[in-house]
Amino acid sequence: MNKVTVIGSINLDTNLRVKQMPRPGETVHASEHYSAAGGKGANQAVAAARSGCEVSFIGGVGDDAPGKEMLGSLKREGINTQGIITAKKESTGQAFITVDDNGQNSITIYAGANYAFGPAEVEQNQDLIKDSDFLIAQFETPLAATIKGFEIAHDAGVKTILNPAPGMAKIPADLLKLTDIITPNETEAETITGIKVTDERTAQMAASKLHDQGVKIVIVTIGTKGAFYDYQNKSELVPAFKVKAVDTTAAGDTFIGAMTSILQPDLSNLKDAVLFANKASSITVQKYGAQPSIPYAKDIKVGK
């Protein structure tokens, strides 16, 4: 069982289902409305836990009803929440998600307490990181906190996984040098490298640019085409599983959590881990919501 620590965001998601996305100035009616636990960090933690990892979390919630609800939700997943602060003067982060009939989504985020912690809080929980096999982080929490966490992990020999989402054109060089695995989707890869990723060739070009910046392993998810990995002169586009998507929310988060659950710390089974992650994501997109759609290990069957 891999031990994983996540530095990341915790949000209360408000979801709306619509036939088509509204245009500027247009009002549309939603066919469904519901709330659920979310946030990229929390989604990845839940995906890892449901796939069999022992998971700890470093982050922040507000001193409000949604904060208590989100903490309770993580605890029910068996996630260690000792690294999560309760910010007295901030409300819990929220995400407002609109999903159309094609399964595409539009998301607006209010960070709130996700920005109420920093390097000091990460350092206070450094034992969680040092006791892990992997440390995961995204860009929905303070960069300084992530850099501190990656420094601690690097010094302890813990593998670091950076999910560069939302996309950022200029990632600090010191963070990339501390990153073992980076996992952008095709849009984020283009934002970071300037290369439009549409296939294996262009994914390879983007990966080369990221290698030049110090990242050892590059994994680019390319929607329905699958996931491309590049590591130690080995590269391949691992095809996606063909399914009818109804909601792509948390597909990338599921990919990262599931992959981390079976990835050996020496990275010897990287392709198998990517294939497993593809399968997990294919299950997620067939259901609505973020965390409600994330599968358990028993549901992720990969045929030989």
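Note that this is a predicted model, so its numbers are computed, not measured.

Right, let's talk about the environment of L128 for a bit. By secondary structure assignment, the location of L128 is in helix α4 (residues 126–130). L128 sits 23 residues away from E151 along the chain, and the two C-alpha atoms are 14 Å apart. For L128, the contacting residues outside a window of four places in its chain are T5, S56, I58, N80, Q82 and G83.

For the bond from A165 to P166, the omega torsion is -5°, close enough to zero to count as cis. Within the element layout of this structure, P166 appears in the loop between β9 (159–162) and α6 (173–177). Its identity is not glycine, yet Q232 carries a phi of approximately 50°, on the positive side. Among the structural elements, Q232 can be located in the loop between β12 (227–231) and β13 (234–238).

Taking the UniProt record as the reference, the feature "active site" (unreviewed entry) is found at D253. Within the secondary structure layout, D253 lies in helix α9 (residues 251–262). We classify D253 as buried; its relative accessible area is 4%. For D253, the contacting residues outside a window of four places in its chain are K40, N43, Q44, A47 and N163. Separated by 3.0 Å, the side chains of D253 and N43 make a polar contact.

Once their charged atoms are close, side chains differing in charge can pair, the charge on each being opposite to the other. By the definition in use, this model includes 10 salt bridges. One salt bridge connects E236 with K271, and the closest N-O pair in it is separated by 3.1 Å. Of this pair, E236 sits in strand β13 while K271 is found in helix α10 (residues 270–284), placing the two residues 35 residues apart along the sequence. Taking relative accessible area as the criterion, K271 reaches 39% and is therefore assigned partly exposed. One connected set of salt bridges, linked through shared partners, spans D63, K68 and K88.

For any pair of aromatic rings, geometry is given as the distance between the ring centres together with the angle between the planes. For the structure shown, the criterion picks out zero aromatic pairs. Sitting above the plane of the F241 ring, K279 keeps its charged end 4.8 Å from the centroid.

We now examine the sheet that holds strand β2 (residues 11–18). What the four strands build is an open sheet, ordered β3-β2-β6-β7; its pairing is mixed. Each of the sheet's edge strands pairs with one partner strand only, and the pair in question is β3 (30–38) and β7 (105–110). Here the strands of the sheet are splayed against their neighbours by 15° on average, with no regard to which way each runs. Sheet analysis places β2 next to β3, joined by eight bridges and oriented antiparallel. Directly across from D13, in β3, lies its bridge partner A36. Packed onto the sheet, helix α2 (residues 65–76) meets β2 and β3 and runs at close to 95° relative to β2.

A separate point is the sheet that holds β13. In spatial order, the strands read β5-β4-β1-β8-β9-β10-β11-β12-β13; together these nine strands make up an open sheet with mixed pairing. The sheet is open, and its two borders are formed by β5 (80–87) and β13, each paired with just one other strand. As paired elements, strand β10 (residues 181–182) and strand β11 (residues 217–221) share two bridges and run parallel to each other. Each bridged residue has a counterpart across the sheet, and for I182 the counterpart in β11 is V218. In this fold α2 packs onto β4 (54–62) and β5, with an angle of close to 175° to the strand it touches most, β5.

So, on to helix α8 (residues 200–212). Relative to the 18 Å expected for 13 residues at 1.5 Å per residue, α8 spans 18 Å between its end C-alpha atoms, a close match to the ideal helical length. You can read the cap of α8 off the contacts: a side-chain oxygen lies 3.3 Å from the backbone nitrogen of R201, and it is on D199. Taken from the residues just after α8, G214 is the one with a positive phi, measuring 110°.

Cut-offs applied
- Residues numbered from 1 in each chain as written.
- Predicted model: local features only at pLDDT ≥ 70, side-chain atom pairs only at ≥ 80, totals over all residues.
- Heavy atoms only, no water.
- Helix = DSSP H or I, 4+ residues; strand = E, 2+ residues; numbered from the N terminus.
- Contact = heavy atoms within 4.5 Å.
- UniProt positions renumbered as here; feature names shortened; annotations may be inferred.
- Buried < 20%, exposed > 50% of the residue type's maximum accessible area, 1.4 Å probe, protein only.
- Polar contact = N/O pair within 3.5 Å; in protein donor to acceptor, adjacent residues only side chain to side chain.
- Salt bridge = Lys/Arg side-chain N within 4 Å of Asp/Glu carboxyl O.
- Phe/Tyr/Trp six-rings, centres within 6.5 Å; stacked < 30°, edge-to-face > 60°.
- Lys NZ or Arg CZ within 6 Å of the ring centre and 35° of its normal.
- Pairing = 2+ DSSP bridges.
- Axes fitted to C-alpha atoms, helices over the stretch in contact; angles between N-to-C directions.
- Expected span 1.5 Å × (residues − 1).

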